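Structural features, examined
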Amino acid sequence: MERRFRGRLGILAASAVLAAACGAGDASPPGAGPGGASVRMENFSYAPARLTLPGGSTIVVRNENAATSHTFTVAGSGIDVEVAPLASAEVAIDLPPGRYRFACRFHAAQGMAGTLIVT
């Protein structure tokens, strides 16, 4: 019985380490590119609104709206990319480690913003 219990603890511990290493809960979908993520702009929000990734990564930003342009603008960083309706853009994240706010310049007043954490 004790041996089986230890084995389950080992599996749980390994699962927790793997989830932490993969950034569970953050954006890193398949096909986003090496060390990158994918962000959708839908209506007046980003999905996901929180990203954690290493510096030097590339984010693919996709505007899902048919008639509205949006931006992916990281405050104080020089990153400011406008994305036309139903288009996408790749954004290089060459920032030092830290927490950054990103927003749509056109729709920040409607709450279109998020958090970027660079590791």
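All values derive from a computational prediction rather than experimental measurement. (Residues numbered from 1 in each chain as written. Predicted model: local features only at pLDDT ≥ 70, side-chain atom pairs only at ≥ 80, totals over all residues. Heavy atoms only, no water.)

This brings us to the pattern of salt bridges. For the structure on display, the rule yields three salt bridges. A salt bridge links Arg40 to Glu42, with the shortest nitrogen-to-oxygen separation between them at 3.4 Å. In this structure, Glu64 engages Arg62 in a salt bridge whose closest nitrogen and oxygen atoms are separated by 3.7 Å. According to the relative accessible area criterion, Glu64 is partly exposed, its value standing at 34%. (Salt bridge = Lys/Arg side-chain N within 4 Å of Asp/Glu carboxyl O. Buried < 20%, exposed > 50% of the residue type's maximum accessible area, 1.4 Å probe, protein only.)

Positionally, Thr73 belongs in strand E5 (residues 70–74). Engagement of the side chain of Thr73 in a polar contact is seen with the side chain of Thr71, the distance being 3.0 Å. When residues no more than four places from it in sequence are discounted, the contact partners of Thr73 are Ile79, Asp80, Arg101, Phe102, Ala103 and Arg105. (Helix = DSSP H or I, 4+ residues; strand = E, 2+ residues; numbered from the N terminus. Polar contact = N/O pair within 3.5 Å; in protein donor to acceptor, adjacent residues only side chain to side chain. Contact = heavy atoms within 4.5 Å.)

We now examine the packing of aromatic side chains. Tallied over the entire structure, the rule returns three aromatic pairs. Ring centres of Tyr46 and Phe72 lie 6.1 Å apart, and the angle between their planes is 90°; this geometry places the pair in the edge-to-face category. Remark: Phe72 occurs in strand E5 and Tyr46 occurs in strand E2 (residues 45–47); sequence separation between them is 26 residues. Taken together, the ring pairs in this structure connect Tyr46, Phe72 and Phe102 into an aromatic cluster. (Phe/Tyr/Trp six-rings, centres within 6.5 Å; stacked < 30°, edge-to-face > 60°.)

Let us now look at the environment of Glu90. Within the secondary structure, Glu90 sits in strand E7 (residues 88–93). C-alpha separation for the pair Glu90 and Ser38, spaced 52 residues apart in sequence, amounts to 9.1 Å. If sequence neighbours within four positions are ignored, Glu90 has contacts with Thr58, Ile59 and Val60.

Remember, this is a structural readout, not a statement about activity or role.
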